[in-house]
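The chain contents come next:
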Amino acid sequence: MSSHWISFPGLGIDAFKVDPVAFSLFGRSIMWYGVIICLGLLLAVIYTWRRFIKEGFTEDQFFNYAIILIPVSVICARLYYVIFDPTPDYHSFLDVIAIWRGGIGIYGGIIGGAIVSIVYAKVIKKPILRVLDCVAPAVMIGQMIGRWGNFVNAEAHGGITDLPWRMGIAPYHENIPYSDDYAVFYHPTFLYESLWNLIGFLIVHFVIAKKKKFEGQIAFFYLAWYGLGRGFIELLRTDSLEIFGFRVSALVGFASALIFGTLYLVRLKKSKDKHDNTEEKAEEEK
């Protein structure tokens, strides 16, 4: 992948060169995309560790969980991408597993992570929703940071726009200065999703997690919040995974928002009603 110019002229940010290659190791190029994804994963693991301890799990239970969760989630994220790739070009098993060439789908990782969480909770005999509550905010961290890997690669952007926050992308050529004449200006959908996850994480960490009303509240909120944002953002993108002409991630996102948003509100109401009934009984006993 070659270097390119990126600019945000509406925000007063002039064009600057971006090289997708971070460094070379033993003759192989290490991409910024992979470095950024690993950073997001590391911070997500650290946050999950803290939440596990707060929720009453042991450190051994967390580490056993993480050792299984991480590889399964990565494998499922890759399989999701391969299955719904609109321009498949896989001629061997190596092509299918070649994650170093790019191509993962976050919903595959979420599905794989959810399956591991459910099975593991059963094994250690802990509430499934409590485990999901621990990992859901961490997924937001991973997505919030990981999307900047798309920025470095100048990919996962939206359609052409003239909005003030438009992102200009142009090929980089040595000895040829940048010019708006050969730049194309897109919706920076990577930024939209990163900010959406940041807002969601702040709501979870500083509001919901401190006053959690029921098991699964954090997980339901995450799935509804992310699904809603991803659904709309996906409609702007130009590289969506498709099946039968439909944008898979948009459909999954809106369905997730509807299903888990409804569950969130129903469970919240039940929790409130239960709390009110408890207070009424306490008043009657007085």
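See the structure printed just above.
Residues numbered from 1 in each chain as written. Predicted model: local features only at pLDDT ≥ 70, side-chain atom pairs only at ≥ 80, totals over all residues. Heavy atoms only, no water.

Caption draft 1: Up close: the sheet that holds strand β2 (residues 13–18). Pairing in this open sheet of four strands is antiparallel, and the strands run β2-β1-β5-β6 from one edge to the other. Two strands lie at the open edges of the sheet, namely β2 and β6 (184–186), each paired on one side alone. Taken over all neighbouring pairs, the strand axes of this sheet differ in orientation by 25° on average, direction set aside. Note that strand β1 (residues 4–8) and β2 share four bridges and pair antiparallel. (Pairing = 2+ DSSP bridges. Helix = DSSP H or I, 4+ residues; strand = E, 2+ residues; numbered from the N terminus. Axes fitted to C-alpha atoms, helices over the stretch in contact; angles between N-to-C directions.)

Caption draft 2: Examining unusual backbone geometry more closely. We note that F26 has phi near 55°; this positive angle belongs to a residue other than glycine. For F26, the location among the structural elements is in the loop between β3 (21–25) and β4 (28–31). What makes F26 exposed here is its relative accessible area of 82%. Phi at A154 is positive, roughly 55°, even though this residue is not glycine. For A154, the position within the fold is in the loop between α5 (128–153) and β5 (167–171). (Buried < 20%, exposed > 50% of the residue type's maximum accessible area, 1.4 Å probe, protein only.)

Caption draft 3: Expanded view of the pattern of salt bridges. Tallied over the full model, the rule gives 10 salt bridges. One salt bridge connects E215 with R130, and the closest N-O pair in it is separated by 2.9 Å. With E215 in the loop between α6 (189–208) and α7 (217–236) and R130 in helix α5, this residue pair connects regions lying 85 residues apart in the sequence. Among the ionic pairs, D133 bridges to K212, the shortest N-O distance being 3.0 Å. (Salt bridge = Lys/Arg side-chain N within 4 Å of Asp/Glu carboxyl O.)

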